[in-house]
Amino acid sequence: MINLNLFVLVVFVPLTHSCKCLPKSFHEAYCQSDFVISGKVATGMRMSVGNIYLQDFVLETHKVFFQKSEIFKEGQTTVVLTPRALDLCSADLIKNKHYLLGGSIKRNTVYVTSCGLIKEWSLLPKHLKKAMRKGKLSCACMVTGCNSEICSRDIGGLFQPDQCQLGTSRACYEQNGVCTLNNGTCEWTKLSKKKVLTCLNKAVNFNER
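Residues numbered from 1 in each chain as written. Predicted model: local features only at pLDDT ≥ 70, side-chain atom pairs only at ≥ 80, totals over all residues. Heavy atoms only, no water.

- Going by an unreviewed UniProt entry, the chain carries the name Metalloproteinase inhibitor 2 and comes from Hydra vulgaris.
- Among the UniProt annotations of the chain, the heading Subcellular location (unreviewed entry) holds the following wording: "Secreted". (UniProt positions renumbered as here; feature names shortened; annotations may be inferred.)

Here is the structure:
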């Protein structure tokens, strides 16, 4: 009887696993990736040959923003791997949809997970698309949080020259600006202070409900 209980425990422990990702800003997810591209999912998910824990799909690359290895070529297709199960952080992508994707490259094999950079292209703010196309989103800069909504005298103020500051409502800054490097100093550009304040006020009012 004791052995049976032990056996049941061993079988069911893996089933209780769930995907857990550390919170990241868009800037962090972008800069921590081995590649960032935009493209269309050309096939549905298929079981990966040789690994029962992975599945793959074919991605048609539209634009390469950067890559650490020459894997992606614009106008061509690439096979991308992701875990098979959602509780293992599988990327839940839909065939024929256009995404911005960032992930890892290991031994010339491309991987994406739900913890990486996955955004529907049509839902991305225009200023972020423009900044990526022009190479304005600087990975030489760090995006940092703070302990209150407005942490300095000016919105978008600085902790250090290599940092752009975020309030506790991270989305309010990245929805309305881009962290760029200008003359050796990192700062939010294209940032509408009015829009950020409106966004912060809405976040505060929502949290107080």
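There is more to say, and it comes next.
Side note on the state of the cysteines
When the sulfur atoms of two cysteines share a covalent bond, that bond is a disulfide.
Here's step 1: Going through the model one piece at a time under the given rule, you end up with five disulfides.
Here's step 2: There is a disulfide in this structure between cysteine 21 and cysteine 115, and the S-S distance comes to 1.9 Å. Between cysteine 21 and cysteine 115 the disulfide shows an S-S torsion of about -75°. By sign, it is left-handed. Note that cysteine 21 is positioned in the loop between helix H1 (2-12) and helix H2 (26-31) and cysteine 115 in the loop between strand E6 (109-111) and strand E7 (117-120), a separation of 94 residues in sequence.
Here's step 3: Using a relative accessible area of 36% as the deciding quantity, one classes cysteine 21 as partly exposed.
Here's step 4: Classification of cysteine 115 by relative accessible area gives partly exposed; the value is 22%.
Here's step 5: Linked covalently through their sulfurs, cysteine 164 and cysteine 179 form a disulfide whose S-S length is 2.2 Å. Its torsion about the S-S bond being 85°, the disulfide of cysteine 164 and cysteine 179 is classed as right-handed. Of this pair, cysteine 164 sits in strand E9 (residues 163-165) while cysteine 179 sits in strand E10 (residues 178-182), and the two are 15 residues apart along the sequence. With respect to class, cysteine 164 is no different from cysteine 179; both count as buried. (Disulfide = S-S within 2.5 Å. Helix = DSSP H or I, 4+ residues; strand = E, 2+ residues; numbered from the N terminus. Buried < 20%, exposed > 50% of the residue type's maximum accessible area, 1.4 Å probe, protein only.)

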